[in-house]
Amino acid sequence: MPSKNADTKLEKSIQLNEVFWTLQGEGRWTGHRALFVRFPFCNYDCPWCDTDYSSFEKWNEKNFVDMTRQEKAKLAVLTGGEPMAHKHLMDVIRLLKGEGFVIACETNGSLPVPKEVDWVTTSPKRYTQGKWEPYFIHPSVLNRTNEWKYVVDADFDFNILNRHHTKGSEQIFSLSPEYSEFEKNTHRILEFIKENPAWKLSLQTHKWLGIR
Ligand code: SF4
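Below you will find a few notes about this structure. Within each chain, residues carry numbers counting from 1 in the order of the written sequence. Only residues with pLDDT of 70 or above have their local features reported here, since the model is predicted, and side-chain atom pairs are shown and tallied only from 80 upward, although totals for entire chains, interfaces and linings are computed over all residues.

**Quick look at the site of the ligand**
The criterion for a residue being near a molecule or strand is simple: its C-beta atom, placed using the backbone, must lie within 6 Å of it. Taken together, Cys42, Tyr44, Asp45, Cys46, Cys49, Thr51, Tyr53, Gly80, Gly81, Glu82, Asn108 and Lys125 make up the full set of residues near the ligand. Ten residue types, Ala, Val, Leu, Ile, Met, Phe, Trp, Tyr, Cys and Pro, are classed as nonpolar, four, Asp, Glu, Lys and Arg, as charged, and the remainder, Gly among them, as polar. Of the residues that constitute the shell around the ligand, the class distribution is 5 nonpolar, 4 polar and 3 charged.

**Points about the pairing of strand E7 (residues 119-122)**
A pair of strands is treated as paired once DSSP finds two or more bridges between them. Only runs of H or I of at least four residues qualify as helices and only runs of E of at least two qualify as strands under DSSP, and these elements are numbered from the N terminus. For strand E6 (residues 102-107) and E7, the ladder comprises 4 bridges, and the chain directions are parallel. Note that in E7 the partner of Cys105 across the bridge is Val120. Where E7 meets strand E8 (residues 147-152), 2 bridges bridge the pair, whose relative direction is parallel. The residue of E8 that forms the bridge with Thr122 is Trp148.

**Focus: the nonpolar core**
Among the nonpolar cores identified, the biggest contains 25 residues, and Val37, Ala76, Leu78, Val92 and Ile103 are the most heavily contacted of them. Every element with two or more residues in this core is listed here: strand E3 (33-38), strand E5 (75-79), helix H3 (89-98) and E6. Ranked by residues supplied to this core, first place goes to H3 with 5 residues. Distance between backbone-placed C-beta atoms decides contact: two residues are in contact if it is within 7 Å. Those residues in contact with Ile103 that lie beyond four places of it in its chain are Ala76, Leu78, Ile93, Leu96, Glu116, Val117 and Asp118. The term nonpolar core refers to a set of buried Ala, Val, Leu, Ile, Met, Phe, Trp, Tyr and Cys residues connected through C-beta atoms within 7 Å. Whether a residue is buried, exposed or partly exposed follows from its count of other C-beta atoms within 10 Å of its own C-beta, namely 20 or more, 12 or fewer, or something in between, respectively; the C-beta atoms are built from the backbone. Among the nonpolar cores identified, the runner-up in size contains 7 residues, and Val151, Val152, Leu175 and Trp199 belong to it.

**Quick word on the sheet that holds strand E2 (residues 18-23)**
In spatial order, the strands read E2-E3-E5-E6-E7-E8-E9-E10; together these 8 strands make up an open sheet with mixed pairing. A single partner strand is all that each edge strand has here, and the edge strands are E2 and strand E10 (199-201). Shown here is a sheet whose adjacent strand axes are inclined to one another by a mean of 25°, direction ignored. In the packing of helix H4 (residues 182-195) onto the sheet, the strands contacted are E8, strand E9 (172-177) and E10, and the crossing angle to E10 comes to about 150°. Axis lines are fitted through C-alpha atoms, for helices just across the contact stretch, and the angle between N-to-C directions can take any value from 0 to 180 degrees.

**Re unusual backbone geometry**
With omega at 10°, the peptide bond leading from Gly80 into Gly81 counts as cis. Position of Gly81 among the secondary structure elements: in the loop between E5 and H3. The phi torsion at Tyr135 lies on the positive side, around 60°, for a residue other than glycine. With respect to the element layout, Tyr135 can be found in the loop between E7 and E8. Residue classification places Tyr135 among the partly exposed residues on the basis of 19 C-beta atoms within 10 Å.

**Let's talk about the pairing of E5**
E5 sits mainly inside the fold: 4 of its 5 residues count as buried. Judged from the 4 bridges that link them, E3 and E5 form a sheet pairing that is parallel. Bridge pairing in E5 links Val37 to Leu78. Where E5 and E6 come together, 4 bridges link them in parallel fashion. Within E6, the residue paired with Val77 across the bridge is Ala104. Seen with its strands pointing away from the viewer, a crossover is right-handed if its path from the first strand over the helix to the second goes clockwise. Considered for its hand, the β-α-β crossover made up of E5, H3 and E6 is right-handed.

**Observations concerning H3**
For H3, the set of buried residues is Leu89, Val92, Ile93, Leu95 and Leu96. Here the buried residues of H3 occupy an arc of 165° about the axis, which is enough to place them on one side. Turned more than 90 degrees away from the buried face of H3, the exposed residues are Met90 and Arg94. As for H3, its buried residues are in contact with strand E1 (13-16), E3, helix H2 (61-68), E5 and E6. In the segment just after H3, Gly100 is the residue with positive phi, at about 85°. Regarding the arc, it is the one traced by the directions from the helix axis to the C-beta atoms.

Below, the structure is given as structure tokens:
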């Protein structure tokens, strides 16, 4: 734990959408207690985005560190919005590493991921606000990714998955049904997986549990 002297230097203000303790509900870390750090703003514009990332609160670094110390778990999940697009990303990473956290992130993959992030879940999206090609992946993210996750909605074209080389890969390949048409989207995923077993169904268990 940092010394009291170090704590007195925690004066900078950082912008965050919300910070809260919960269970990670999906992916590799499902069921693990984790500190969720939600960044404001996103460079994409998905119509079914379930996050109101348009606003932020100013967090004093000291208050943020106090939050990290509220529980014993040492897993943090950086999400958004798009964490990689935010100017205070490295401040948050510095504070979390100072407290001994393993850092996982969820990113749309359009921007590089700092080397300090320990687990990268990349979820490419097609609603790019016209700035990138749909489902754009920054070249540096290809090998940084531990888990791929595509959201399957009514218009999802499974052909986009052909660009991934699943054979012999240690990466995880996940498909998550968009929830407004949950049954239909899940059925499409299950049919695809029959023929492509390197891919797996990923469910958002926090929604079933009724937690954030
Ligand atoms: S990339 Fe993620 S955070 Fe951004 S709009 Fe799409 S779903 Fe929302």
